[in-house]
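Descriptive structure summary
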Amino acid sequence: MRSTPDRQVADAREGLSGFRRRELTVFLLLAFAIPWLLWLLRLLTGVDLVAGGGMVGAGLATFVVVRWIRRPGNILRETAMAPLRPKGRLVRFCVIGLAAPLVLGFLAVAIGALAGVYPVDLAGFSGLREVYAPETAGQDGVPVGTILSALAVNLGLSVVMLPLFFCEEWAWRGFLLPRLRPLGLWTALLLGGLIWGLWHLPGYVGTGTGHRLIPFLVTAVLFNVLLGWLRLASGLIWPGVIAHAVNNTLITGFVNVLFATSDLEALNNPWTIGLSGWPGWLVMLAVIAVLAGSGAFRRAASREPVPARPTGRAGRLRRLLAGVLGVVLVAGLTGAAVEQSLAPTDPQRHTAPGRLVDLGTHRIHLRCLGSQGPTIVFASGWGDSATTWADLQDTLAASGRRSCAYDRAGYAWSSRPPSDQDVTTHAGDLAAVLSRAGEPGPFMLVGHSWGGHVARLFHARWPDSVAGMVLLDPADEHSTNDLATPATIQAKVWSAVAAVGLLRTGDWMVDPREPRLTRDNVPVVFGPATWEAAAAEMRAYDTSTRAVRELPRTAGAWNSLPLVVISARGDQQTLTHHRQIAALSTHGRHIVAPVADHYLHLAEPALVLHHIRHIGD
């Protein structure tokens, strides 16, 4: 059997095979499979062993590989459990592992407090009391006994759990990190952090904590870089075991709550609290920058030989791919962090241009201008906000005409409904909003695309409240629900784009013909909440279109209701459908616009305004 140095030299000569694909594959399969099996056990029996069992499983995966797959000459040395000498170096780095996370944690809390995202209570320490001594809630003064008790509890917990943290450090920094190093030091550190973070996924699925996954992944990547440095600089996993234990016990259970108020909602915000929120990310990034700038990473990496990087075209391609993926990952996580940090204050930066009407279970945003009736009511298409009508409303208001536009439930400034809504519910919401807002009917309804469904259902239920109707390229209720699939995909894509903050980079992703009101409020108008609501509408696609298909379809069924249907230039099937809608009224007119643009109110605003103004003529 080869000695350890001989094996390392051989690995270096083998280039890419220095990855030891087989051992990596077995390790990752075992490390990931065990927590998922425990997740399945929790799902079937309610017995939750995912966290602790997963940590033991990572250690078991390491043992299996180094004992039966890798078979090194010296397991202790190859997985960084030895040598323990010189003792001075070991003690020095263990002290760093103990003290550094605590210092970083307190700095993160301080930054959060200065930024106003960490709720501070230096008078009564109500957060600490709430967690460790609820019977003293409401008292003032420094609770020295409670502080010492909380410190002792978390110190004891960290000691008791050391074997579990050892299993993780042995797996991720002792075994995995050296096997990834042929990709390059920084690639190994970042990729290792992502793998480590994703390994925690079973702990989030089905627990109602999925919203915490993205900030946790950011934390895992950054913390892995620091633990990786500690591992390479010391040559051992033991300092990392201590740092890991401190982070999971003393920081989360003591530092984060020591100076806090009893605002549990703020203390549970995964994007802002302590070392695991954005203040902690700033602190860790600063430390990483200092270490990198001083050459500490380079010196630490030089302590251990590493297999050669892949060479040739395949090697360059892999490095390029790894670099691109790394940039995308960092940019995406950074954007997500910015989005989640800014989103809670969007209502202050992007105030609603209209008013919020309370319907009991949710609130609907309604923007009304002008004074002379009958009131024109705009119903937006799928994925569109009330602001898409802003220019038309401004023009109508300049001549005195009153108009109202609203955001359907979940869109823009409107709050989410208690459950998914179909088009019948949309029509009911519109009627309730107009009634509670004190808007007198009858109304002139203007519906674009999906909004045409809403307008038709509104007329069917409250015909006396409708004085006329203009439908702009209305949706076809006879289309198959195959349309729902691409629409849902589109909603999910745009939701992801919004979630990583791309829409905050400017209005470059929005149709330039949209009103200024839309473009000035992109983070709200086209934010994740809007696209979640749009996806929910598509989940009810079948129910919605069936409700519209059940409406009367015979010519003249709407009597002499003033009606104009304007079609974008398109296929004959759509035009035929629109002619049939126009024929529902004996005074119905069908007009084909000179453009093949579905967004007629943006492409031909003058044409739309002309027919809105003269619909009753």
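Preceding this paragraph is the structure being described.
Residues numbered from 1 in each chain as written. Predicted model: local features only at pLDDT ≥ 70, side-chain atom pairs only at ≥ 80, totals over all residues. Heavy atoms only, no water.

Along the chain, the regular secondary structure elements total 27 helices and eight strands. For the chain, the residues scored as buried account for 50% of the 617 residues in total. Partitioning the intrachain contacts of the chain with sequence separation of at least 6 by distance along the chain shows that 76% fall at a separation of at least 24. Carbon and sulfur atoms form 62% of the exposed surface of the chain, whose accessible area is close to 27000 Å². (Helix = DSSP H or I, 4+ residues; strand = E, 2+ residues; numbered from the N terminus. Buried < 20%, exposed > 50% of the residue type's maximum accessible area, 1.4 Å probe, protein only. Contact = heavy atoms within 4.5 Å. Areas by Shrake-Rupley, 256 points an atom, 1.4 Å probe, with all protein chains shown as cover.)

A word on the pattern of salt bridges. One pass over the full model with this rule turns up 12 salt bridges. A salt bridge links Arg367 to Asp394, with the nearest nitrogen and oxygen atoms 3.4 Å apart. Residue Arg367 is located in strand S2 (residues 363–369), and its partner Asp394 is located in helix H17 (residues 390–398); the two are separated by 27 residues in the primary sequence. The shortest N-O distance in the salt bridge between Arg513 and Asp597 comes to 2.7 Å. (Salt bridge = Lys/Arg side-chain N within 4 Å of Asp/Glu carboxyl O.)

The next thing to look at is empty space enclosed by the protein. In total, this model carries two cavities of 30 Å³ or more according to the counting rule given. Quantified by volume, the largest cavity comes out at close to 40 Å³. Along its surface, the largest cavity is lined by Trp172, Arg173, Leu177, Leu180, Ala188, Leu189, Gly192, Asn224 and Gly228. At the level of secondary structure, the elements contributing two or more residues to the lining of the largest cavity comprise helix H8 (162–180), helix H9 (185–199) and helix H10 (213–234). In terms of residue count, H8 provides more of the lining of the largest cavity than any other element does, four residues in total. Its residues assigned to classes, the lining of the largest cavity comprises five nonpolar, three polar and one charged. (1 Å grid on protein atoms, 1.4 Å probe; cavity = no way out; pocket = protein on both sides within 12 Å on 5 of 7 lines; lining within 4 Å. Points joined across faces, edges and corners; volume = space filled by probe spheres on them. Nonpolar A, V, L, I, M, F, W, Y, C, P; charged D, E, K, R; others polar.)

With 22 residues, H10 extends 30 Å between its outermost C-alpha atoms, agreeing within 8% with the 32 Å of an ideal straight helix rising 1.5 Å per residue. In terms of burial, H10 is largely enclosed, as 20 of its 22 residues are buried. Looking one or two residues past H10, Gly235 carries a phi angle of roughly 75°, positive in sign. (Expected span 1.5 Å × (residues − 1).)

This model, assessed by the stated rule, comprises one disulfide. Note on cysteine connectivity: Cys368 is disulfide-linked to Cys404, with sulfurs 2.1 Å apart. An S-S torsion of about 115° defines the bridge between Cys368 and Cys404 as right-handed. Taken as a pair, Cys368 in strand S2 and Cys404 in strand S4 (residues 401–406) lie far apart in primary sequence, 36 residues in all. (Disulfide = S-S within 2.5 Å.)

The first and last C-alpha atoms of helix H5 (residues 87–115) sit 42 Å apart over 29 residues, in line with the 42 Å expected at 1.5 Å per residue. Those residues of H5 that sit buried are Arg89, Leu90, Phe93, Cys94, Gly97, Pro101, Leu104, Gly105, Ala108, Val109 and Gly112. One or two residues past the end of H5 sits Gly116, with phi positive at roughly 85°.

On to the pairing of strand S8 (residues 588–592), then. Across a regular strand the side chains alternate sides, sitting on one face of the sheet and then on the other. In terms of strand pairing, strand S7 (residues 563–567) meets S8 through five bridges, oriented parallel. Counted as the bridge partner of Val564 is Arg589 from S8. Regarding the hand of the β-α-β motif, the stretch spanning S7, helix H25 (residues 572–582) and S8 is right-handed. (Pairing = 2+ DSSP bridges. Right-handed = clockwise from strand over helix to strand, strands pointing away.)

Right, let's talk about the packing of aromatic side chains for a bit. Under the definition given, this model contains 19 aromatic pairs. Seen in terms of ring centroids, Phe378 and Trp389 are 4.7 Å apart; in terms of plane orientation they differ by 20°. Their pairing is stacked. With Phe378 in strand S3 (residues 372–379) and Trp389 in the loop between S3 and H17, this pair connects stretches of sequence that are 11 residues apart. One exposure class covers both Phe378 and Trp389, and it is buried. For the pair Phe458 and Trp462, a centre-to-centre distance of 5.3 Å together with 45° between the ring planes defines the contact as tilted. With relative accessibility at 2%, the residue Phe458 sits in the buried group. We classify Trp462 as partly exposed; its relative accessible area is 26%. An aromatic cluster of at least three residues, connected via ring pairs, comprises Phe27, Trp172, Phe175 and Trp199. The aromatic ring of Trp196 is capped on one face by Arg173, whose charged end is 4.2 Å from the ring centroid. (Phe/Tyr/Trp six-rings, centres within 6.5 Å; stacked < 30°, edge-to-face > 60°. Lys NZ or Arg CZ within 6 Å of the ring centre and 35° of its normal.)

This next bit is on unusual backbone geometry. Geometrically, the link from Ala82 to Pro83 is a cis peptide bond, its omega value of 5° lying close to zero. Within the element layout of this structure, Pro83 appears in the loop between helix H4 (75–78) and H5. Cis geometry is adopted by the peptide bond preceding Pro442, which originates at Gly441 and carries an omega value of -5°. Of note, the phi angle at Phe125 is positive, near 50°, even though the residue is not glycine. Position of Phe125 relative to the elements: it lies in the loop between H5 and helix H6 (126–132). Backbone geometry places Asn559, a non-glycine residue, at a positive phi of 60°. With respect to the helices, strands and loops of the structure, Asn559 is situated in the loop between helix H24 (541–549) and S7. Among the residues examined, Asn559 registers a relative accessible area of 54% and is labelled exposed.

Structurally, Ser234 can be placed in helix H10. Here Leu230 takes part through its backbone oxygen, which lies 2.7 Å from a polar atom of the side chain of Ser234. Those residues in contact with Ser234 that lie beyond four places of it in its chain are Arg89, Phe93, Pro239 and Arg303. (Polar contact = N/O pair within 3.5 Å; in protein donor to acceptor, adjacent residues only side chain to side chain.)

Attention now goes to a nonpolar patch on the surface. Together, Leu40, Leu43 and Leu44 give the surface a local cluster of nonpolar side chains, amounting to about 320 Å² of exposed area. Along the chain, the position of Leu43 falls in helix H2 (residues 21–45). (Patch = residues over 30% accessible without salt bridge, like charges linked within 9 Å, V, L, I, M, F, W, Y side chains within 5 Å.)

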